[in-house]
Amino acid sequence: VLWAASVTTGFVLIATSILGWTLLTLALIDWRHQLLPDKLTLPLGLAGLGVAYLIDRTFFVDHVMGAAIGFALLYGVARIYRYARGREGLGAGDAKFLAAIGAWVSWEGLPSVVFLGALFGLLGLFILRLGGAEIRAGDRIPFGAYLAVAAWLVWLYGPLGVS
């Protein structure tokens, strides 16, 4: 809440605090169980659309597009991976979670979330490897935890700029 309060105020602070606590909860669940429960991701997406509507109706469609593109992107990647490798590589929970994130950050924030999530995931694996962990190609990685961190940063500070 303090971090959110350093960036925003009023109604947006309340919404940001709810987002932050939900992202933290989902990250911890995914880290421990490789699961992103619909009971949290679906209401998070609806809340994101509601907040977007209340903040600025003119960009509401961008947030709806963010939810749709977020789901389609990871669902598509999951299907392609399954077809190419013959096994699951990304769960439907990740697609639903990115849809919820897209509802909050709109389609414009999604590239930054995916890029930062992947970067944080690679950094996390690198740190584990430095700590002596053996990492194999078939190991499960809680990608949702890294997406949660990325979503928080993009929500608070906006998408990465290109200069």
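Within any chain, residue numbers begin from 1 and follow the written order of that chain's sequence. Where local features are concerned, this predicted model is filtered to residues with pLDDT of at least 70; where side-chain atom pairs are given and counted, the filter is 80 or more; whole-chain, interface and lining totals use all residues. By convention in this description, side-chain values take in all heavy atoms of the structure and omit both hydrogens and water.

What follows is about the overall build of the protein. In DSSP terms, a helix is any run of H or I states spanning at least four residues, a strand is any run of E spanning at least two, and both are numbered starting from the N terminus. When helices and strands are tallied, the protein shows six helices and zero strands. From first element to last, N terminus to C terminus, the protein shows the α and β order α-α-α-α-α-α. The C-alpha radius of gyration of the protein comes to 16 Å, within 12% of the 15 Å expected for a compact globule of 163 residues. Across its three principal directions, the C-alpha atoms of the protein cover 45 × 40 × 35 Å. For every residue, the accessible area obtained with a 1.4 Å probe (protein chains only) is divided by the maximum for its type, and the residue is called buried under 20%, exposed over 50%, and partly exposed between those limits. Expressed as a percentage of its 163 residues, the buried residues of the protein come to 38%. Counting only contacts in the protein whose residues sit at least 6 apart along the sequence, the fraction spanning at least 24 positions is 73%. Surface exposure of the protein reaches about 9500 Å², of which carbon and sulfur atoms provide 70%. The positive count covers Lys and Arg only, the negative count covers Asp and Glu only, and His and the chain ends enter neither. A charge is said to be at NZ when it belongs to Lys, at CZ for Arg, at CG for Asp and at CD for Glu. Side-chain charges in the protein split into 11 positive and 9 negative, and the spacing between the mean points of these groups amounts to 9 Å. Our radius of gyration looks at C-alpha atoms and nothing else; its globule reference is 2.2 Å times the residue count to the power 0.38. Throughout, a residue-residue contact means that at least one pair of heavy atoms, one from each residue, lies within 4.5 Å. In this description, accessible areas are obtained by the Shrake-Rupley approach with a 1.4 Å probe, and a residue is regarded as covered only by the protein chains that are shown.

Moving on to the pattern of salt bridges. Take a side-chain nitrogen of Lys or Arg and a carboxyl oxygen of Asp or Glu: if they are within 4 Å of each other, that pair is a salt bridge. In total, this model carries five salt bridges according to the counting rule given. For Arg 79, the salt bridge is made with Glu 88, and the minimal N-O distance between the two is 3.1 Å. Classification of Glu 88 by relative accessible area gives partly exposed; the value is 45%. Glu 134 is the partner of Arg 136 in a salt bridge, and the nearest nitrogen-oxygen pair spans 3.5 Å. No difference in accessibility class separates Arg 136 from Glu 134, as the two residues are exposed. Ionic contacts of the salt-bridge type, sharing partners, join the residues Arg 79, Arg 82 and Glu 88 into one network.

The subject of this paragraph is helix α4 (residues 60-85). One less than the number of residues in a helix, times 1.5 Å, gives the span that helix is expected to have. Over its 26 residues, α4 runs 38 Å from end to end, which matches the ideal 38 Å to within 8%, given 1.5 Å per residue. Taken together, the buried positions of α4 are occupied by Asp 62, His 63, Gly 66, Ala 67, Gly 70, Leu 74 and Ala 78. Buried positions along α4 lie against α3 (38-55), α5 (92-130) and α6 (143-157). Trailing α4 by a residue or two, Gly 86 shows a phi angle of about 75°, which is positive.

With axes taken as lines fitted to C-alpha atoms, and helix axes fitted only over the stretch in contact, angles between N-to-C directions fall between 0 and 180 degrees. At a minimum axis distance of 11 Å, the contact between helix α2 (residues 10-33) and α3 shows a crossing angle of 160°. Here α2 lies roughly antiparallel to α3, going by the angle between them. Like other packed secondary-structure pairs, α2 and α3 cross with a definite hand, here left-handed. Across the interface between the two elements, Phe 11, Val 12, Ala 15, Leu 19, Thr 22, Leu 23, Thr 25, Leu 26 and Ile 29 of α2 pack against Leu 40, Thr 41, Leu 44, Val 51, Leu 54 and Ile 55 of α3. Throughout this entry, Asp, Glu, Lys and Arg are counted as charged residues, while Ala, Val, Leu, Ile, Met, Phe, Trp, Tyr, Cys and Pro are counted as nonpolar. The remaining residues, Gly among them, count as polar. Per-class residue counts for the contact of α2 with α3 are 12 nonpolar, three polar and no charged. Here roughly perpendicular refers to angles of 65 to 115 degrees, roughly parallel to angles under 35, roughly antiparallel to angles over 145, and oblique to all remaining angles. With the far helix as reference, a near helix turned anticlockwise by less than a right angle produces a left-handed crossing, and one turned clockwise produces a right-handed crossing.

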